[in-house]
Structure formats: C-alpha cells, structure tokens
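Listed below are the residues making up each chain.
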Amino acid sequence: MAVLPILKMGAPLLLQIAQPVQQFDTPELHTLVADMLDTMKAHNGAGLAAPQIGISLQLVIFGGFKSPRYPDAEEIPFTVLLNPTLLPLNDNTNNGWEGCLSVPGMRGLVPRYTQLRYQGFDQYGRVIDRTVSDFHARVVQHEVDHLDGILYPMRIKDMRQFGFIESLFPGQQISDD
Ligand code: NI
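Since the structure is predicted, the reported quantities are computational estimates derived from the model, not experimental observations.

Definitions and limits used
Residues numbered from 1 in each chain as written. Predicted model: local features only at pLDDT ≥ 70, side-chain atom pairs only at ≥ 80, totals over all residues. Heavy atoms only, no water. Donors = N, O, S within 2.8 Å, 3.2 Å for Na, K, Ca; no water. Helix = DSSP H or I, 4+ residues; strand = E, 2+ residues; numbered from the N terminus. Phe/Tyr/Trp six-rings, centres within 6.5 Å; stacked < 30°, edge-to-face > 60°. Buried < 20%, exposed > 50% of the residue type's maximum accessible area, 1.4 Å probe, protein only. 1 Å grid on protein atoms, 1.4 Å probe; cavity = no way out; pocket = protein on both sides within 12 Å on 5 of 7 lines; lining within 4 Å. Points joined across faces, edges and corners; volume = space filled by probe spheres on them. Nonpolar A, V, L, I, M, F, W, Y, C, P; charged D, E, K, R; others polar. Core = buried A, V, L, I, M, F, W, Y, C linked by side-chain atoms within 4.5 Å. Contact = heavy atoms within 4.5 Å. Salt bridge = Lys/Arg side-chain N within 4 Å of Asp/Glu carboxyl O. Pairing = 2+ DSSP bridges. Axes fitted to C-alpha atoms, helices over the stretch in contact; angles between N-to-C directions.

Trainee: Sorry if this is basic, but what is going on with the coordination of the nickel ion here?
Mentor: When a metal holds four donors in a tetrahedron, each ideal angle between them is 109.5 degrees; when it holds six in an octahedron, the ideal angles are 90 or 180 degrees. The protein atoms that coordinate the nickel ion are Cys 100 (SG), His 142 (NE2) and His 146 (NE2), at distances of 2.1 to 2.3 Å. Spacing between the donor residues of the nickel ion along the chain follows C-x41-H-x3-H. Residue His 142 and its partner His 146 are both found in helix H2 (residues 134–147); the two are separated by 4 residues, about one turn of the helix.

Structure (structure tokens):
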C-alpha cells in the first residue's frame, strides 16, 4: 500500500493511448489497484486512472466515498474498471465543473453525455456492464478519457470557463487538487 506520485499535465505519458490489461487477478494487478486507491483517497479524488501514476494500462478506479471535492454529487459505488468501452445512449449532454489530480488547482466547465452504458472488467476479470447517468456518467467519461490520452481541458468548449479554483470560486473552501 502506497501513495504514489501523480503525473501532471505536460507529462507525455498522459497523452498516450493506454494498453489493454492482458491478465486479471494477478498479485501485481491487486497491488496496483490498492496503491491507486490509497493515492486517490490521499488526494480526495473522485477517480484515478493508471496513466496518472505513470502506468500505461487501461485501468481506472472511481467512486466509493463522498468526495469533499464534490460535496453535492451523488455517491458512486467504488469501481475498478479495466479495458472499458463507453456507449452514449443518446446525444444529450450537459455542462459540469471538473477538476483533475493531474491539473491541480484548476476547474473547467466540460460538456459530457448524460446517459451512457459502460462495459469492462474488474480486477478479477468479472464483467461490469452498467447503464448510468449524470455525475456517475461524467466521472466515467473523465476517467476513461485518460486512457485515450485526453485531459478534461481538451474538452472545454468555452475557455473562459477554465481557471484557478480561488479565482473562479472566491471564498469557497474547495480542495486545491
Ligand atoms: Ni483526471
């Protein structure tokens, strides 16, 4: 168990396409998941993708506790998702504020599909197949984007809605990572 350093925007690995996980239920994979969970919790993140800790694998974790960074959001079950595919169920999108542990201190307004189905596997190789909406759908899209080398600032439509937390939300107590 360990809290690992997080790569920040500008690191080339964050822009790479991650490799599929080939073997499930291995000691190495379980250690990696445990370390990612420690790291996500230490930073109060809503999710974390393996490339953010320098591992180019199609592995993301998210949910499981009420993040003080997103106090109004619904709770999402703790999920370990490998080799994911996303399927939007329609063209509906909405805008929401996002942050990222790889872009500390900032927030941006990002359009995301509001309803989607996602499929993949957990660390034991068990199938995950869920239809979700709203914040859950947003978090999955943000995390899976990391596996395609996409960071949320690349999704912002109006760059005036991107900035430093203390400037966007003066006087509010929001964690800066
Ligand atoms: Ni992120």
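Trainee: Help me understand the packing of aromatic side chains in this model?
Mentor: Aromatic ring pairs: the centre-centre distance and the angle between the two ring planes describe each pair. Inspection of the entire model under this criterion finds 4 aromatic pairs. On the numbers, 6.1 Å between centres and 70 degrees between planes, the contact of Phe 62 with Tyr 118 is edge-to-face. Pair noted here: Phe 62 is in strand E2 (residues 59–62) and Tyr 118 is in strand E6 (residues 115–121), with a separation of 56 residues, a long-range link. As far as the burial class goes, Phe 62 and Tyr 118 line up, both buried. With 5.2 Å between their ring centres and 80 degrees between their planes, Trp 97 and Phe 169 make a pair best called edge-to-face. One end of the pair, Trp 97, is in strand E4 (residues 93–98); the other, Phe 169, is in the segment after helix H3 (165–168), with 72 residues separating them in the sequence. For Trp 97, a relative accessible area of 30% translates into the label partly exposed. According to the relative accessible area criterion, Phe 169 is buried, its value standing at 16%.

Trainee: What am I meant to see in the layout of surface pockets here?
Mentor: The method is simple in principle: a probe with the dimensions of a water molecule rolls over the atoms, and the space it marks as empty is what remains. Volume-wise, the second largest pocket comes out at about 250 Å³. Taken together, Leu 86, Pro 88, Thr 93, Pro 111, Arg 112, Tyr 113, Gln 141, Val 144, Asp 145, Asp 148, Arg 155 and Lys 157 make up the lining of the second largest pocket. Looking at the lining of the second largest pocket, the elements with two or more residues in it are strand E3 (79–88), strand E5 (106–113) and H2. In terms of residue class, the lining of the second largest pocket is made up of 5 nonpolar, 2 polar and 5 charged.

Trainee: Sorry if this is basic, but what is going on with the nonpolar core here?
Mentor: The tendency in soluble globular proteins is for nonpolar side chains to be buried side by side. Formed by 16 residues in total, the largest nonpolar core has its most connected members in Val 60, Phe 62, Leu 81 and Tyr 118. Of all the secondary structure elements, the ones that give two or more residues to this core are E2, E6, strand E7 (127–133) and H2. Looking at this core element by element, the count peaks at 6 residues for H2. When neighbours within four sequence positions are excluded, Val 60 is seen to be in contact with Leu 48, Ala 49, Thr 79, Val 80, Leu 81, Glu 143, Val 144 and Leu 147.

Trainee: Please explain the pattern of salt bridges as it appears in this structure.
Mentor: This model, assessed by the stated rule, comprises 7 salt bridges. A salt bridge links Arg 112 to Asp 145, with the shortest nitrogen-to-oxygen separation between them at 2.9 Å. Taken together, the residues Arg 112 in strand E5 and Asp 145 in helix H2 connect sequence positions 33 residues apart. Asp 145 shares its class with Arg 112; the two are buried. The salt bridge partner of Arg 117 is Asp 129, with a shortest N-O separation of 2.7 Å.

Trainee: What is the right way to read the sheet that holds E4 from this model?
Mentor: The strands making up a sheet are joined through hydrogen bonds of the backbone, oriented either antiparallel or parallel. What the 3 strands build is an open sheet, ordered E4-E5-E8; its pairing is antiparallel. Since the sheet does not close on itself, it has two edges, and those belong to E4 and strand E8 (162–164), each with one partner. Geometrically, the sheet is characterised by an average inter-axis angle of 25 degrees between neighbouring strands, direction not taken into account. H2 rests against E4 and E5 of the sheet, and its axis sits at about 105 degrees to E5.

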